[in-house]
Every structure is written in C-alpha cells, then in structure tokens.
Amino acid sequence: MKLSILGGSGGVGSKCVLYACRSSNITSIKVLCRSRAKLMRAVGESWDDSKAEIVEGDVTNVETVKAMCDGVDVVLSALGTTSGGPLVVEAAVRKVLNALAGTTTKFIFLTSIGIGDSLPQGKSMAPFFAYVIKPCFLAKQFQDLDDAEEVAFAQQDTPVVTIRPPQLTDTPPTEKMALKPASDLKPSKVAKISRADVARAMVMLCEDAELWNEWEGKGASVVQHFD
C-alpha cells in the first residue's frame, strides 16, 4: 500500500508516520510537513528511509497537494487548526478532493467529536466544552472542521472517512481505542484520548479493508475503550 500523510510533523500526524513506518502492509510513504527536524524528533528510530520520504512544504500550495496525492492508495490528513492559527482544513480538503477526482484513492482526515451529525454526541460527552469553551473560544476552528466535512460528504467521487476524536492528550498510547457511530451518545467513560491512539486508529483504517468498508462515507468517533 502506498500512503500519503499531510500534516506529518503535528501531534497526530507524526504518530501516523511512526505507525506507518512500522507497518509491513505499507510499502511507500510520502510525508508533507513544515519541519523535517520536528518530524524526525517525533519519529526517531522508527523512521524508515527505505520506504518513506519527506516533502517540506504546506497545504496552501495547490501543486504540492497534487504531488502528494499522485500515485497513492490512501491520503491521510492529520491537519488541524489551533486557537489564533490559520484555518486550513476546509481549504486543504477541497484541494485534496480536486486532486483525487477520477481516481480510486481513499481519503481519511481528522476532525472532532461534535462535528456534523456527532454534535449531540459532543454535547453529551463534554457539555462544558460544547456549551462554553467551543462557542466562546473555538467557534471559527470548529466551523472550519464542519465545513470540511460538509464538502467531503457532499461529493460522490472520492471515498472518504473522517476521524473524530474528543479532547487530545499527549499521554502514552493505550492501544485500547474503538470507532463508534455518532448515534452513540456515551461512546466512552472519558472525553479524552491519546494522540498516539488516534493515529493508530487512522493507520488501521488504511490497512484494514473490512474496517474501511464499515466506515466509508461516515464520520467515525475514535474513543478510549474500556473492557
């Protein structure tokens, strides 16, 4: 499998690179990132020069995005927006979808619980965040994610899955995560998850055809799973 990763030096993106490098199912990886040094610090000894290459740049460049989408089986975007930072997700999704038009390449991208039809789920899991923090401090960022999902699910050409985590943490991976539908208002005991676990779920979705078929055309909420 040939994989392209956008946002590769970010918190989730760098973990996606790490898991992809370790996977025997993934034979080729192109990583778009703004900082090679930051990515290499995050991935460390897991980096595999024999199958992975770094493209330094950003998603504002249409030609760069086209090159990242060319000749791959899956495009995985871990792009996000931060408070005060530029809103990049919707614009990047549009560029990727334009680049993938007429191909069979799959597209997975990161949004959040509380986006699209998971709005009631977000309110149920983290009411203070949903009713106070989000509208007061993160309204523009969440609107960017909402717009990105709306664009992706409105088109029929490119197969898409969105990954929706709750609050992200930098805690070590648990490897205990589950994908849940938006209709499950209590998908987990906690409203937070490790960035590493989110990345593992995204790479698993690339690798597992049965899992992909289950979630194609939908938003999957990724949550911590308890036995």
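Here, the structure is the one placed above.
Because the structure is a prediction, the values reported are computed rather than measured.

Asks: Where do I start with the pairing of strand 5 (residues 106-110) in this structure?
Replies: Each regular strand shows side chains that alternate between the opposite faces of the sheet. In terms of burial, strand 5 is largely enclosed, as four of its five residues are buried. Sheet topology note: the strand 4 (residues 74-77)/strand 5 ladder contains four bridges and is parallel. Within strand 5, the position partnered with Ser77 by the bridge is Phe109.

Asks: What is the right way to read the nonpolar core from this model?
Replies: With 41 residues, the main nonpolar core has Trp47, Ile163 and Met202 as its most contacted residues. Of all the elements, helix 8 (residues 195-207) adds the most residues to this core, at eight residues. Among all residues touching Trp47, those that are not within four sequence positions of it are Val17, Cys21, Val31, Leu39, Met40, Ala52, Glu53 and Ile54. By size, the runner-up hydrophobic cluster in this structure holds 26 residues, among which are Cys69, Leu97, Leu100 and Phe142.

Asks: Could you clarify how one ought to interpret the packing of helix 4 (residues 89-100) against helix 7 (residues 139-154) in this entry?
Replies: Any two packed helices are characterised by how steeply their axes cross, that is the angle between the axes, and by the distance between the axes. Interaxial distance between helix 4 and helix 7 falls to 7 Å at its minimum, and their mutual angle equals 20 degrees. What the angle tells us is that helix 4 and helix 7 run roughly parallel. For helix 4 against helix 7, the interelement crossing comes out right-handed. For the pair helix 4 and helix 7, the contacting residues are Val89, Glu90, Val93, Arg94 and Leu97 in the first and Asp144, Leu145, Asp147, Ala148, Val151 and Ala152 in the second. Residues belonging to the contact of helix 4 with helix 7 are distributed by class as follows: seven nonpolar, no polar and four charged.

Asks: Got a minute to help me understand the state of the cysteines in this structure?
Replies: Working definition of a disulfide: a covalent bond connecting the sulfur atoms of two cysteines. Taken as a whole, this structure holds zero disulfides when the rule is applied. For the unlinked cysteine Cys33, the closest cysteine sulfur is that of Cys21, found at 12 Å. Here Cys69 stays free of any disulfide, with the sulfur of Cys206 as its closest cysteine sulfur at 13 Å.

Asks: How do you make sense of unusual backbone geometry when you look at a structure like this?
Replies: Glycine aside, residues mostly have negative phi angles, and peptide bonds mostly take the trans form. Located in the positive-phi region is Glu175, a residue other than glycine, with phi close to 60 degrees. With respect to the helices and strands, the residue Glu175 is situated in the loop between strand 7 (167-169) and strand 8 (177-180).

Asks: Quick question: what am I supposed to make of the sheet that holds strand 5 here?
Replies: Two orientations exist for strands paired in a sheet by backbone hydrogen bonds: parallel and antiparallel. On the basis of which strands lie adjacent, the open sheet formed by eight strands has the order 3-2-1-4-5-6-10-8 and mixed pairing. Of all the strands in the sheet, the pair left with one neighbour each is strand 3 (52-56) and strand 8. Shown here is a sheet whose adjacent strand axes are inclined to one another by a mean of 20 degrees, direction ignored. Of the pairings in the sheet, the one linking strand 2 (residues 28-33) to strand 3 comprises five bridges and is parallel in character. For Cys33, the partnering residue across the bridge sits in strand 3 and is Glu56. In the packing of helix 1 (residues 11-22) onto the sheet, contacts are made with strand 1 (2-6), strand 2, strand 3, strand 4 and strand 5, and the angle to strand 1 comes to roughly 165 degrees.

Cut-offs and rules
- Residues numbered from 1 in each chain as written.
- Predicted model: local features only at pLDDT ≥ 70, side-chain atom pairs only at ≥ 80, totals over all residues.
- Heavy atoms only, no water.
- Buried < 20%, exposed > 50% of the residue type's maximum accessible area, 1.4 Å probe, protein only.
- Helix = DSSP H or I, 4+ residues; strand = E, 2+ residues; numbered from the N terminus.
- Pairing = 2+ DSSP bridges.
- Core = buried A, V, L, I, M, F, W, Y, C linked by side-chain atoms within 4.5 Å.
- Contact = heavy atoms within 4.5 Å.
- Axes fitted to C-alpha atoms, helices over the stretch in contact; angles between N-to-C directions.
- Parallel < 35°, antiparallel > 145°, perpendicular 65-115°, else oblique.
- Left-handed = near helix turned anticlockwise from the far one by under 90°.
- Nonpolar A, V, L, I, M, F, W, Y, C, P; charged D, E, K, R; others polar.
- Disulfide = S-S within 2.5 Å.

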